[in-house]
Amino acid sequence: VNGPDSARDFIKGFIRPFDLSRVPLLRAGIVQVGENRPLLMVDMHHIISDGASCDILATDFQDIYNGKEIPPLGLQYKDFSEWQEKEIERGKLKNQEEYWLKEFSGEIPLLELPNDYPRPVVQSYEGERVISGISEVQTRALNAMALEEGATLFMVLTALVNILLSKLSGQEEIIMGTPIVGRRHADLEKIIGIFVNTLPLKNYPAGNRTVKEFLADVKEKMLQASENQEYPFEALVDKLFVERDIGRNP
């Protein structure tokens, strides 16, 4: 292909839907972009990979390209999958299941944000991504707050997002999903696969509380959720018998 624009068009044509009933769920190709500039394209379905998997794949490609030997894996993804199924069957994750069922034993509120347009009946995943930055001064202030309260920066930002959602919706009970890497064992760090899980965090940014009081609760909630991170989110949704709305994420 000739030039970046032609390459972008070629990539769009290379990426297409996968049939999940057939292998492989990964396809790769090389296209020449101008003189002496080959472009490696890799398209894979999310069902077999997560963010860490993309980094692993890129690193392995670079090491092989540079003549390095890739050490053999002690475990495969199928080993992890079988372990997870057995842990559920044996009731090893029973304590984690009890934690999540207790956490969502009451009424589960819907987040009612003020919308510009009616919500579609079926979720289309169409939308716009807005990227904005914060200043170095603000970043230092956030890090200082995290240090002072014995929290992580992620905990501080989670608390602030909860407060923002509460202000926009007028609700004082907010459920926010956050992904977690799910690679707690060292043997899983180099395996390509979908290890990521979703942790639904229920918090109460009530208007009569201070930010520091609320942050302390968010910190405790996130630590507890992290300790119970192996229980699959999909299993929780099934256990709760949530009335599914195809216009919303569960």
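This is a predicted model, so every value here is computed, not measured.

The next point concerns the packing of helix H4 (residues 94-103) against helix H8 (residues 233-240). Remark: H4 packs on H8, axes separated minimally by 11 Å, with the N-to-C direction vectors making an angle of 55 degrees. As far as their axial angle goes, H8 and H4 are oblique. For the crossing formed where H4 meets H8, the hand is right-handed. Facing Glu97, Trp100 and Leu101 of H4, the residues of H8 in contact are Leu236, Lys239 and Leu240. Residues belonging to the contact of H4 with H8 are distributed by class as follows: four nonpolar, no polar and two charged.

The side-chain alternation of strand E1 (residues 26-32) yields one buried face, formed by Arg27, Gly29 and Val31, and one unburied face, formed by Leu26, Ala28, Ile30 and Gln32. As judged from the seven bridges shared by E1 and strand E2 (residues 38-44), these two strands associate in the antiparallel manner. In the sheet register, Ala28 faces E2, and the bridge partner there is Val42. Linking two consecutive strands that pair antiparallel, namely E1 and E2, is a turn of five residues; a positive phi of about 75 degrees is found at Gly34 within it.

For the rest of this paragraph, the subject is unusual backbone geometry. Among all residues save glycine, negative phi is the norm, and among peptide bonds the norm is trans. With omega at 0 degrees, the peptide bond leading from Val23 into Pro24 counts as cis. Mapped onto the elements, Pro24 comes out in the loop between helix H1 (3-14) and E1. Backbone geometry at Asn36 places phi at a positive 55 degrees, although glycine is not the residue there. Note on placement: Asn36 falls in the loop between E1 and E2. Residue class for Asn36 comes out exposed when judged on its relative accessible area of 69%.

Right, let's talk about the side chain of Gln229 for a bit. In this fold, Gln229 is placed in the loop between helix H7 (211-227) and H8. By relative accessible area, Gln229 is classed as buried at 8%. Gln229 has contacts with Gln96, Ile180, Gly182, Arg184, Asn197 and Leu199, leaving out every residue within four places of it along the chain.

Turning to the environment of Arg209, a few remarks are in order. Relative to the elements of secondary structure, Arg209 occurs in the loop between strand E4 (197-203) and H7. We classify Arg209 as partly exposed; its relative accessible area is 26%. Contact partners of Arg209, with chain neighbours within four places excluded, come to Tyr204, Phe214 and Asp217. At 3.0 Å, the side chain of Arg209 and the backbone oxygen of Tyr204 are in polar contact. Among the polar contacts made by the side chain of Arg209, one reaches the side chain of Asp217 at a distance of 2.4 Å.

What counts as what
- Here the residue index of a chain counts from 1 through its sequence in written order.
- Owing to the predicted nature of the model, reporting of local features is limited to residues with pLDDT of at least 70; listing and counting of side-chain atom pairs is limited to 80 or more, with chain, interface and lining totals taken over all residues.
- Excluded from the side-chain calculation are hydrogens and water; included are all heavy atoms of the structure.
- Throughout, an axis means a line fitted to C-alpha atoms (over the contacting stretch in the case of helices), and angles, computed between N-to-C directions, take values from 0 to 180 degrees.
- Numbered from the N terminus, helices here are DSSP runs of H or I no shorter than four residues, and strands are runs of E no shorter than two.
- Angles below 35 degrees are treated as roughly parallel, those above 145 as roughly antiparallel, those between 65 and 115 as roughly perpendicular, and all remaining angles as oblique.
- Take the far helix as your reference; a near helix turned counterclockwise from it by less than a right angle gives a left-handed crossing, and one turned clockwise gives a right-handed crossing.
- Every residue pair with non-hydrogen atoms within 4.5 Å of one another is taken to be in contact.
- Charged residues are taken to be Asp, Glu, Lys and Arg, nonpolar residues to be Ala, Val, Leu, Ile, Met, Phe, Trp, Tyr, Cys and Pro, and polar residues to be all remaining types, Gly included.
- Only protein chains enter the accessibility calculation, which uses a 1.4 Å probe; a residue is then buried when its area is under 20% of its type maximum, exposed when over 50%, and partly exposed in between.
- Pairs of strands are assigned from DSSP output, requiring at least two bridges between the strands.
- A 3.5 Å cut-off defines polar contacts: any pair of N or O atoms within that distance qualifies, except that in protein one atom must be a possible hydrogen donor and the other a possible acceptor, and neighbouring residues in sequence count only when both atoms are side-chain atoms.

Function-wise, these values are silent; they only describe arrangement.
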